[in-house]
Amino acid sequence: MNYPVWEPHLLGGGMVIGIIAILHVFVSHFAVGGGLFLPLTERKAYRENNPALLEYVKSHSKFFVLVVLVFGAVSGVGIWWNIGLVSPEATATLIHVFVWGWAIEWVFFIVEIAAAFIYYYGWDRLDPQTHLTVGWIYFGAAWASLLVINGILTFMLTPGRWIEKQTFASAYFNPGMLPSLLVRTAVCVALAGVYALITSSAVRDVVLRNNVVRYAAQWLLLSALAIPLAGIWYISTLPSMAREISMGGSPVVTLFAGLSILLSVLLVAFTYFGPYRHPQAFSTVFAFLLAALALSTTGVTEWAREAVRKPYTIYGYMYSNSLRLADMEQVQEQGILKSAKWVRLHEVDPNALERSGNEVFNVECASCHTVNGYNSIRFAVKGWDGAMIDYQLAHLNELKGFMPPFVGTEAERKALADWLLSLNPRPASLGREGGDSASPRSSAGYPVEGAAQP
Amino acid sequence: MNPVIPAPVPVPLPAPTGLLEFLLVFTFILHLVAMDFLLGGVIILTVSSFLGRRDSRHYEFTRRVSRVMPPVTAFTITLGVAPLLFVQLVYGQLFYTSSALMAWYWLAVVFLVLFGYYGIYWYQMQHDELGPKAVWVILVTAILFIHVAFLFTQNMTAMLRPQDFYSLYLNGRVGSIFGPVTLLNTSRLLHFLVAAVALAGLGVALLSHRWKTESPELADWGSRYGVTLFMGATLVQFLVGLWFLFSLPLEIRQALVGNKLAVGVLVAAIVLALLALLTAPRNLSMSSVAILGTVSMMAVLRHFVRMAYLAPYFDPHTLPVRGQWVVFSFFVVLLLAGLATVGWMLYVLFRPVATRGVSA
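Along each chain, residues carry numbers from 1 onward, in the same order as the chain's sequence is written. Labels follow written order: the first chain is A, the first ligand is 1, and so on. Residues qualify for local features only when their pLDDT is at least 70, as the model is predicted, and side-chain atom pairs are given and counted only at 80 or more; totals for whole chains, interfaces and linings, by contrast, use all residues.

### Structural notes on the overall build of chain A
Step number 1: Secondary structure elements are taken from DSSP: a helix is a run of H or I of four residues or more, a strand is a run of E of two residues or more, and numbering for both begins at the N terminus. Along chain A, the regular secondary structure elements total 18 helices and 2 strands.
Step number 2: Its C-alpha atoms put chain A at 85 × 45 × 35 Å along the principal axes.
Step number 3: Counting other C-beta atoms within 10 Å of its own, a residue is labelled buried from 20 upward, exposed at 12 or fewer, and partly exposed in the gap between, with every C-beta atom placed from the backbone. Counting all 454 residues of chain A, 56% fall into the buried class.
Step number 4: For the purpose of contact definition, each residue receives a C-beta atom placed from its backbone, and two residues are in contact when these atoms lie within 7 Å. Restricting to contacts in chain A with at least 6 residues of sequence separation, those with at least 24 account for 72%.

### Details of the overall build of chain B
Step number 1: Scanning chain B for helices and strands turns up 12 helices and 0 strands.
Step number 2: For chain B, the sequential pattern of α-helices and β-strands runs α-α-α-α-α-α-α-α-α-α-α-α.
Step number 3: Its C-alpha radius of gyration of 22 Å places chain B within 12% of the 21 Å reference for a compact globule of 360 residues.
Step number 4: Overall, chain B is about 65 × 45 × 40 Å in size when its C-alpha atoms are taken along their principal axes. Within these notes, the globule rule equals 2.2 Å times the number of residues to the 0.38 power, and the radius of gyration is based on C-alpha atoms.

### Regarding the domain arrangement of chain A
All names here are of chain A.
Step number 1: Where each domain starts and ends comes from a domain assignment, either automatic or drawn from a database. The assigned domain composition of chain A is domain 1 (13–319) and domain 2 (326–442).
Step number 2: Computed from C-alpha coordinates alone, the two centres of domain 1 and domain 2 are separated by 40 Å.
Step number 3: Each partner contributes residues to the interface: domain 1 has 12 residues there, and domain 2 has 8 residues.
Step number 4: Among the secondary structure elements, those contributing two or more residues to the side of domain 1 that touches domain 2 are helix 1 (13–47) and helix 9 (240–249).
Step number 5: Classes in brief: Ala, Val, Leu, Ile, Met, Phe, Trp, Tyr, Cys and Pro nonpolar; Asp, Glu, Lys and Arg charged; the others, Gly included, polar. Residues that form the side of domain 1 that touches domain 2 fall into these classes: 6 nonpolar, 5 polar and 1 charged.

### A word on the environment of B:Leu278
Step number 1: Along the chain, the position of B:Leu278 falls in helix 10 (residues 260–279).
Step number 2: When the 14 C-beta atoms within 10 Å are taken as the criterion, B:Leu278 is described as partly exposed.

### Let's talk about the packing of helix 10 (residues 251–276) of chain A against helix 11 (residues 284–307) of chain A
To characterise two packed helices, one gives the angle between the axes of the helices and the distance between these axes.
Residue and element names in this part refer to chain A.
Step number 1: A fitted line through C-alpha atoms represents every axis, and for helices the fit uses only the stretch in contact; the resulting angles, taken between N-to-C directions, go from 0 to 180 degrees. At a closest axis distance of 8 Å, the pairing of helix 10 and helix 11 adopts a crossing angle of 155°. On the basis of the axis angle, helix 10 is roughly antiparallel to helix 11. The hand of the helix 10/helix 11 crossing is left-handed. Seen from helix 10, the contacting residues are Val253, Phe256, Ala257, Leu259, Ser260, Leu263, Ser264, Leu266, Leu267, Phe270, Thr271 and Gly274; seen from helix 11, they are Phe286, Leu290, Leu293, Ala294, Ser296, Thr297, Val300, Thr301, Trp303, Ala304 and Ala307. What sets the label is the angle itself: under 35 degrees gives roughly parallel, over 145 gives roughly antiparallel, 65 to 115 gives roughly perpendicular, and the rest give oblique. Note on convention: the crossing is left-handed when the near helix lies turned anticlockwise from the far helix by less than a right angle, right-handed when the turn is clockwise.

### Observations regarding the interface of chain B and chain A
Step number 1: Taken together, the contact pairs 55 residues of chain B with 53 residues of chain A.
Step number 2: Among the residues forming the side of chain B that touches chain A, the class breakdown is 43 nonpolar, 11 polar and 1 charged.

### What to know about unusual backbone geometry
All names here are of chain A.
Step number 1: Of note, the bond from lysine 310 into proline 311 is cis; its omega dihedral lies within 30 degrees of zero at 10°.
Step number 2: Locating proline 311 in the fold gives a position in the loop between helix 11 and strand 1 (312–314).
Step number 3: We note that glutamine 166 has phi near 55°; this positive angle belongs to a residue other than glycine.
Step number 4: If you trace the backbone, glutamine 166 turns up in the loop between helix 5 (162–165) and helix 6 (168–172).
Step number 5: Accessibility expressed as a C-beta count within 10 Å gives 13 for glutamine 166, which makes it partly exposed.

### Quick notes on the confidence of the model for chain B
All names here are of chain B.
Step number 1: Each residue carries a pLDDT score, the predictor's own confidence in it, on a scale running from 0 to 100. Here chain B averages 94 in pLDDT, while 98% of its residues score no lower than 70.
Step number 2: Under a pLDDT of 50 for its full length, residues 356–360 has, in the predicted model, 12 contacts with residues more than four places off or in other chains.
Step number 3: At the level of chain-chain contacts, confidence expressed as ipTM amounts to 0.94, with global pTM at 0.92.

### Concerning the nonpolar core
Step number 1: Formed by 256 residues in total, the largest nonpolar core has its most connected members in A:Ala115, A:Ala192 and B:Val197.
Step number 2: For this core, the element with the highest residue contribution is helix 3 (residues 88–121) of chain A, accounting for 25 residues.
Step number 3: The residues contacting A:Ala192, other than those within four sequence positions of it, are A:Phe30, A:Gly33, A:Gly34, A:Leu36, A:Phe37 and A:Trp219. The term nonpolar core refers to a set of buried Ala, Val, Leu, Ile, Met, Phe, Trp, Tyr and Cys residues connected through C-beta atoms within 7 Å.

### Remarks on the domain arrangement of chain B
Step number 1: Domain annotation for chain B reports domain 1 (17–245) and domain 2 (324–360).
Step number 2: Here domain 1 of chain B and domain 2 of chain B have C-alpha centroids that lie 27 Å from each other.

### As for helix 8 (residues 206–236) of chain A
Step number 1: Expected helix span is computed as 1.5 Å times (number of residues minus one). Across its 31 residues, helix 8 of chain A extends 46 Å between first and last C-alpha, which sits within 8% of the 45 Å expected from 1.5 Å per residue.
Step number 2: Two axes enter the definition of the bend at a residue: one is fitted to the seven residues ending there, the other to the seven starting there, and the bend is the angle between them. Considering bend angle alone, the principal kink of helix 8 of chain A is centred on A:Ala224 and spans about 25°; proline A:Pro228 follows within four residues of it.

### Regarding the environment of A:Ala304
Residues and elements named next belong to chain A.
Step number 1: Looking at the secondary structure, you find alanine 304 in helix 11.
Step number 2: Counting along the chain gives 49 residues from alanine 304 to leucine 255, while the straight-line C-alpha distance between them is 8.9 Å.
Step number 3: Beyond its immediate stretch of four places on either side in the chain, alanine 304 contacts Ser246, Val253, Phe256, Ala257 and Ser260.

### With respect to the packing of helix 9 (residues 250–257) of chain B against helix 11 (residues 284–310) of chain B
All names here are of chain B.
Step number 1: At a minimum axis distance of 9 Å, the contact between helix 9 and helix 11 shows a crossing angle of 120°. When the axes of helix 9 and helix 11 are compared, the pair comes out oblique. The interaxial crossing formed by helix 9 with helix 11 has right-handed handedness. Here helix 9 contributes Ile252, Ala255 and Leu256 to the contact with helix 11, which in turn contributes Phe304, Val305, Ala308 and Tyr309.

### So, the environment of B:Leu275
All names here are of chain B.
Step number 1: Note on placement: leucine 275 falls in helix 10.
Step number 2: A tally of 17 C-beta atoms within 10 Å means that leucine 275 is categorised as partly exposed.
Step number 3: In this structure, the C-alpha to C-alpha distance between leucine 275 and alanine 290, residues 15 residues apart in sequence, is 6.5 Å.

Here it is, written out as structure tokens:
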């Protein structure tokens, strides 16, 4: 409303964020977990006086630098780039609340990147103890950057006391912060194992390979014990509606939440019976399949975590369409088109109802719905007649708990309904009833039985 | 038509605007130095890679310079995060709007940087294996990064003209609206590219000095080559800079002339650039310090230009402020501790071999 809405054609803004974010999460958690894996495994090599293992750690550190420093860093900036385009209002709010948090994270990034390069370039230049110290500095900085960003992420779903207090501390130390930190730390360790399985599967020395494969598998299996416990704690801190959405309230979200559990179990089972029990039979192809499974698990879990936040971007403060709850009354009074800055019509034009409705859609709905692609609105209203559409709009948040209420004047609602109806032209014999809720098909303004059928 | 500008978020700024602007300009200078080395570096590497197909000195030069490019790229990106944070905080409603209008192009920056970064690694890690093909790898990398510079120039200029936002919006589809490529933008882009080559020239001259013990001849040659690039680019910059200055709208130039501080900053920048030019052949360190001064002054001047552009529409000093001083102090302490840690790690990496531990 305050900003022009970018609707990336078929994908939708949420999907663009999702693609970049999921890939980033998959790499950035490795950036932390891998940071623990490197010095611990290096120390193990010194203690066991195992030069072959040390060589493996060296080659793993090259892989680590290429994946983490390049893709991890750029995709991280990429998310930020992207949320600013898709949800500028929410991004601006986050930056106002957390700018010093982000500034602190920036300091950790600088230390992290310097340490990663010095660790990588220092293999032949630093003595073992100093080299290990640099490795620990890297891990410390990487985990600290997780500590900071985790609190900002959980703030969006569980802003807690910030809604009243509006202070940095009340925002950062929110109810979800600690359990989420535990879950994410455990995921970091698990992903360190997943990536180490990739590099260890390519080791030529058979004895070393079997040892390292088994060792890497242990990382994943051990963390798999912690994730469910921390996960249950995390879920217990969620707003009740968010829990309901993931447990039957919304079939799609429930499906994804279920998939998250199923894929995690599969990942653990495959790792146990594969690389852990039979390291000699483990191959690079298998390693990549496990990584793909881990990526899918990350994907569905993060998707479900984002989805349960609906209908909000910042829970109880700002809806997904960037409307603040505090502004709702005023917008309702003066109308969405008059309140919005980026529209071509500032009020409903009775001679161009559909065009007016399209404007309302762009302002109020396009941040989640595309017309024809992801979360397609054409598909969502298919088969609905004018009365059904209007009824749905009038009771949007009651009928669909994961959607914000429609806000705007009655004329705007009718115009939107009219435009929505025009998306699925009906056969000529049925005619077009427009947005008129007093149509004979539903005289009471309620959806009549069978109205959902075309 | 009245300009359409989004309202700032109703959350107070976490520190006085002046402090935020200082941090914006200061961290931008840090980013600028790394970015100049990166952008100028890939341009110089492209030229030398081409010449290196026949000239072994250029070949060896590119091999050695390419080794520092991955960290330079990493720091360009990371140091860029801070100014981007502060620009969003202070000028968010302008920055988000201009970015959203050109969203697809703006989003492309992420991918251009990603591929450019891998290009840098590819060039460095496979330098000898690539042979004559290396020039193509670095050429494509250079094109990617120049493209990033172009997109930045467009957006950073577009955000200064809120009076154009609405008409741009009316005439296109949000996300695909690319404002006109004006002479102003072209001169601004060129100004940055030439500055990047100059700074990177000085950078490679300093870097070449480090090769003195292993290959004194190459070190001398590299130093002279870098200094020549620096001096040539800086001379060209006097022309390009003038062109850029006179491409600015008249009212902006008038506002600058009317601001004594801005004039002083511009004069200081030019004097320091002349000093850098004169000292470059004999005293690289002094020349470097002088040119860092020029870069800093130019970043400050850029801020004055931004304020002059926005003066009729938006004054960030009117925004409400509620200082978050505890967490700010925490940031300052961590910044100092972080810099000390990085300093220590660099010290142990570069300290003389004799003082290193047993296995070194």
